[in-house]
Amino acid sequence: MKKTEIAILGGGASGLFLARHLQKEYILIDKNPIPQKIKVSGGGKCNFTNEFVSADNYVGDKKFISKILNYYTNQDVINFFSNIPYQKIKNNQYFAKTSEYIIDKLNQKKFIADVLKVEKKDNFLIHTSKGIIEAKKVVVATGGVSFKSLGASDIGYKIAENFGHTIITLKPALVGMTLQKDEFWMKSLSGVSVFSEIEVNNKKFINNILFSHRGITGPAILNASLYWEKGNIKINFLPKYKNIKSNKSPSNLLNLPKRFMTEFLKSQNIEDKNQNLGVIIQKLQNYTFSPAGNFGFNRAEVTKGGINLEELIDFESKFVKDLYFIGEVLDVTGELGGYNFQWCFSSAKYLADKLN
């Protein structure tokens, strides 16, 4: 039986960052030799933080989130990665030249195995596919259930529940949305992108939306999905438009894709696009629809919901001494744009300093 001071379950962003900063003996247990989610994130360049980060970019306990983000800030993360090639692009996100630089910087020796269950006797016994590991302390950093194809699992939630913790309902987030019948006209626009403003539950996002054969996606929609529960979403397809004094056709004047304008006007039963320009503008700026649902966990970038923060004190279980939870497994979810990596790094560094 292997023995250690600290067992870290999960070799993703939070687990690796914690291990990188621990000054005590530990074993990092993960079934994936390579952190696949880091590898594919940001189109293979890993958007590791954002220039502007606050608790307002997250769903969860704002006071606690703010405390952790202020403890280890976005500038701290930028400084940590300062010796790798990176640049700030796309809505103030910081990207590495390739995600391999991030992986190499975080690389730690792993015990490659599946975690099956955890029990507590005098110490913790971590049952794995390659035997039992005994540890004085356990940190669960197993992430969410999104992108199962990249190795995601629900073991972290199962461990928490076995020790009496409550799991806030898990939902796909940062994910595309499916359409009801009234919006099926959008499906014929697969591949078309339109710069738009999305409004949902008093949050606004200005970015591209992308039409697909499954529904509607793109950065603005992915962010909207974090806040949408049910009901309408408002889309302004002309976020930069202020006033028009011209009789030019909308497609030319407004610089919207021709395919989009054709299908949009059909959907609104407008046959002559050279007339009623004011009506067309009003409809383009105030389009509302109610999604049918979303693309599901297999297409979601993150998992919304998770272990109830009210049952933790500075990441430690109120029920079981020396049992900790960090990262995405918690009921904290960030917007698109490097915010979820920032949360993983901040929560890991906070706990590392506490354990040291």
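Above this text is the structure in question.
Note that the structure is a prediction, hence the values are computed from the model and not measured.

Student: Provide a residue-level description of the overall build of the protein chain, including the pertinent values.
Tutor: Helices and strands together make up the secondary structure of the protein chain, namely 11 helices and 23 strands. A compact globule built from 356 residues would reach a C-alpha radius of gyration of about 21 Å, and the protein chain, at 23 Å, matches this within 12%. Across its three principal directions, the C-alpha atoms of the protein chain cover 80 × 40 × 35 Å. Considering the protein chain as a whole, with its 356 residues, one finds that 56% of them fall into the buried category. Approximately 16300 Å² of the protein chain is accessible, and the part contributed by carbon and sulfur atoms is 46%. Of the side chains in the protein chain, 48 bear a positive and 33 a negative charge, and the two mean positions are spaced by 5 Å.

Student: Lay out the nonpolar core in plain terms, naming residues and giving numbers.
Tutor: In terms of nonpolar packing, the biggest core is built from 74 residues, with L9, I126 and W343 touching the most fellow members. Among the elements that line this core, the one with the most residues is helix α11 (residues 339-355), at 10 residues. Counting residues in hydrophobic clusters, the runner-up holds 40 residues, among them W185, V194, I281 and F289.

Student: A description of the packing of helix α1 (residues 13-21) against α11 should follow, citing residues and the corresponding values.
Tutor: Contact pair α1 / α11: the axes reach a minimum separation of 8 Å and the direction vectors enclose 35°. The two elements α1 and α11 meet at a crossing, and its hand is right-handed. Taking contact as the criterion, the partners of A13, S14, F17, L18 and H21 in α1 are, on α11, F341, C344, F345, A348, K349, L351 and A352. Partitioned by chemical class, the residues of the contact of α1 with α11 number 9 nonpolar, 2 polar and 1 charged.

Student: Let's hear about the packing of helix α9 (residues 258-267) against helix α10 (residues 277-285): which residues, and what values?
Tutor: Viewed as axis vectors pointing N to C, α9 and α10 meet at an angle of 100°, and their least axial separation amounts to 12 Å. When the interaxial angle is binned, α9 and α10 end up roughly perpendicular. Between α9 and α10, the residues in contact are F260, M261, F264 and L265 and I280, K283 and L284, respectively. Tallied by class, the residues present in the contact of α9 with α10 amount to 6 nonpolar, no polar and 1 charged.

Student: Which residues make up the sheet that holds strand β3 (residues 47-50), and what values do they have?
Tutor: Spatially, the 3 strands line up as an open sheet ordered β3-β6-β5, and their pairing is antiparallel. Two strands in the sheet have a free side with no partner beyond their single neighbour: β3 and β5 (86-89). Ignoring strand direction, the axes of neighbouring strands in this sheet form an average angle of 30°. Summarising the sheet, β5 and strand β6 (residues 93-96) pair through 4 bridges and their orientation is antiparallel. Bridging from a neighbouring strand, K88 pairs with Y94 of β6.

Student: How would you summarise the pairing of strand β16 (residues 233-236) if you had to cite specific residues and measurements?
Tutor: Pairing of strand β13 (residues 193-200) with β16 involves 3 bridges; the strand directions are antiparallel. In the sheet register, E197 faces β16, and the bridge partner there is N236. When β16 meets strand β17 (residues 287-289), the two strands line up antiparallel, connected through 3 bridges. Its bridge partner being in β17, K234 is matched across the sheet by T288.

Student: Summarise the packing of aromatic side chains; cite the residues concerned and give the values.
Tutor: Evaluated as defined, the whole model comprises 30 aromatic pairs. Ring centres 5.9 Å apart and planes at 50° place the aromatic pair F237 and Y287 in the tilted group. In this pair, F237 is assigned in the loop between β16 and α8 (250-253) and Y287 in strand β17, connecting sequence segments 50 residues apart. Judged by relative accessible area, F237 falls into the buried class, the value being 1%. We classify Y287 as buried; its relative accessible area is 7%. For the ring pair Y287 and F289, a centre distance of 6.5 Å and an interplane angle of 35° mean the geometry is tilted.

Quick notes on the rules
Residues numbered from 1 in each chain as written. Predicted model: local features only at pLDDT ≥ 70, side-chain atom pairs only at ≥ 80, totals over all residues. Heavy atoms only, no water. Helix = DSSP H or I, 4+ residues; strand = E, 2+ residues; numbered from the N terminus. Rg over C-alpha atoms; globule rule 2.2 N^0.38 Å. Buried < 20%, exposed > 50% of the residue type's maximum accessible area, 1.4 Å probe, protein only. Areas by Shrake-Rupley, 256 points an atom, 1.4 Å probe, with all protein chains shown as cover. Lys, Arg positive; Asp, Glu negative; His and termini not counted. Charge placed at Lys NZ, Arg CZ, Asp CG, Glu CD. Core = buried A, V, L, I, M, F, W, Y, C linked by side-chain atoms within 4.5 Å. Axes fitted to C-alpha atoms, helices over the stretch in contact; angles between N-to-C directions. Left-handed = near helix turned anticlockwise from the far one by under 90°. Contact = heavy atoms within 4.5 Å. Nonpolar A, V, L, I, M, F, W, Y, C, P; charged D, E, K, R; others polar. Parallel < 35°, antiparallel > 145°, perpendicular 65-115°, else oblique. Pairing = 2+ DSSP bridges. Phe/Tyr/Trp six-rings, centres within 6.5 Å; stacked < 30°, edge-to-face > 60°.

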